[in-house]
Amino acid sequence: MATASSAPVLPISNTKTTDAATTTTITADTQQTITGVGPTPALRSFINRISDTVQSGLSNRRPWSELVDRSAFSKPESVSDATLRIRKNYSYFRTNYLSLLAVVLAFSLITNPFSLILLIGLLAAWLFLYLFRPSDPPLVLFGRQFSERETLGVLLLSTIVVIFLTSVGSVLVSALMIGLAIVCTHAAFRVPEDLFLDDQESPATGFLSFLAGAAPTSGPAAVSARV
């Protein structure tokens, strides 16, 4: 008599190991979301915009050899002539001049490390405690919970103290004055007749496009991060 066929044997997988790995991944992602570890989407967008703006601005800079061409320098005939030269040279060497200002500002801050540390701390406080921090959960420091209005008030007060009651303000103003003096002197004595000036060029290109477009772009991003 034929024997009854045995039931088919099903493959057994290690479900405990798979479930444990899945649970660990979910727990890690949840913990990262709760604790806010890692940059927020608004902060990543802000950083990417800065990087793109800097790269675009540097790609539009003029050759430095044109900036220091000795044969193109002469004394302006009058104040109006110097003003006209400054306007034309700024339109042509805009990115180069802004780069010079940035170098002078960076050199001034590097030679004043205390001011540099204070300024970096202030900028970091604005970025991570207000602009790119989600409103939920609320800010808790030293065991005390701060509302959005209180956080903004503390940051504004800290900014006033750092800028006007420390050496940061004097360092920034001195660096900007020196940089502007260098730029205006060069632009006033640089003859712009050999420069190809494009009248259709937008007044806010390069680094200035970041100043013009950062506020409307980063503003909604910061607001969406709080919703």
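Scroll up to find the structure this text is about.
Reference entry: report on the structure contained in this document.

About the criteria used
- Residues numbered from 1 in each chain as written.
- Predicted model: local features only at pLDDT ≥ 70, side-chain atom pairs only at ≥ 80, totals over all residues.
- Heavy atoms only, no water.
- Core = buried A, V, L, I, M, F, W, Y, C linked by side-chain atoms within 4.5 Å.
- Buried < 20%, exposed > 50% of the residue type's maximum accessible area, 1.4 Å probe, protein only.
- Helix = DSSP H or I, 4+ residues; strand = E, 2+ residues; numbered from the N terminus.
- Contact = heavy atoms within 4.5 Å.
- Phe/Tyr/Trp six-rings, centres within 6.5 Å; stacked < 30°, edge-to-face > 60°.
- Salt bridge = Lys/Arg side-chain N within 4 Å of Asp/Glu carboxyl O.
- Axes fitted to C-alpha atoms, helices over the stretch in contact; angles between N-to-C directions.
- Left-handed = near helix turned anticlockwise from the far one by under 90°.
- Nonpolar A, V, L, I, M, F, W, Y, C, P; charged D, E, K, R; others polar.
- Parallel < 35°, antiparallel > 145°, perpendicular 65-115°, else oblique.
- Expected span 1.5 Å × (residues − 1).

Some points on the nonpolar core
The tendency in soluble globular proteins is for nonpolar side chains to be buried side by side.
Here is step 1 of the chain: Judged by nonpolar contacts, Leu109, Leu119, Leu122, Ala125, Trp126, Leu155, Val162, Val168, Val171 and Leu172 together constitute the single largest core of 10 residues.
Here is step 2 of the chain: Going through the elements one at a time, α6 (113-131), α7 (148-164) and α8 (167-189) are the ones with two or more residues in this core.
Here is step 3 of the chain: No other element matches the 4 residues that α6 contributes to this core.
Here is step 4 of the chain: Discounting residues that sit within four places of it in the chain, Leu172 has contacts with Leu105, Leu109, Leu119 and Ile163.
Here is step 5 of the chain: If you look at the next biggest cluster of nonpolar residues, it comprises 9 residues, including Tyr92, Tyr97, Leu98 and Leu101.

Digging into the packing of aromatic side chains
Here is step 1 of the chain: For the structure on display, the rule yields 2 aromatic pairs.
Here is step 2 of the chain: Seen from their ring centres, Tyr92 and Phe93 are 4.8 Å apart, and the 85° between their planes marks the pair as edge-to-face.
Here is step 3 of the chain: Residue Tyr92 is classed as buried on the basis of its relative accessible area, which comes to 10%.
Here is step 4 of the chain: For the ring pair Phe93 and Tyr97, a centre distance of 6.0 Å and an interplane angle of 55° mean the geometry is tilted.

Some details on the pattern of salt bridges
Here is step 1 of the chain: Taken as a whole and judged by the stated rule, the model has 1 salt bridge.
Here is step 2 of the chain: Among the ionic pairs, Asp81 bridges to Arg85, the shortest N-O distance being 3.6 Å. A residue pair is termed a helical-turn pair when its members lie 3 or 4 positions apart in one helix, as Asp81 and Arg85 do in helix α4 (residues 79-92) at 4 residues.

Things to note about the packing of helix α5 (residues 94-110) against α8
Here is step 1 of the chain: It is the contact of α5 with α8, at a shortest axis distance of 9 Å, that shows an interaxial angle of 145°. In this structure, α5 meets α8 at a crossing whose hand is right-handed. Only Val171, Leu172, Ala175, Leu176, Ile178, Gly179, Leu180, Ile182, Val183, His186 and Ala187 of α8 make contact with α5, whose side of the interface consists of Tyr97, Leu101, Val104, Leu105, Ser108 and Leu109.
Here is step 2 of the chain: Partitioned by chemical class, the residues of the contact of α5 with α8 number 14 nonpolar, 3 polar and no charged.

So, the packing of α6 against α8
Here is step 1 of the chain: The contact between α6 and α8 brings their axes to 9 Å, and the two run at 100°. As far as their axial angle goes, α8 and α6 are roughly perpendicular. Here Phe114, Ser115, Leu118 and Leu119 of α6 lie close against α8, whose contacting residues are Ser167, Val168, Val171 and Leu172.
Here is step 2 of the chain: In terms of residue class, the contact of α6 with α8 is built from 6 nonpolar, 2 polar and no charged.

Comments concerning α7
Here is step 1 of the chain: Over its 17 residues, α7 extends 24 Å from the first C-alpha to the last, a length consistent with the 24 Å expected when each residue adds 1.5 Å.
Here is step 2 of the chain: Residues of α7 that are buried sit in contact with α6, β1 (139-141), β2 (144-146) and α8.

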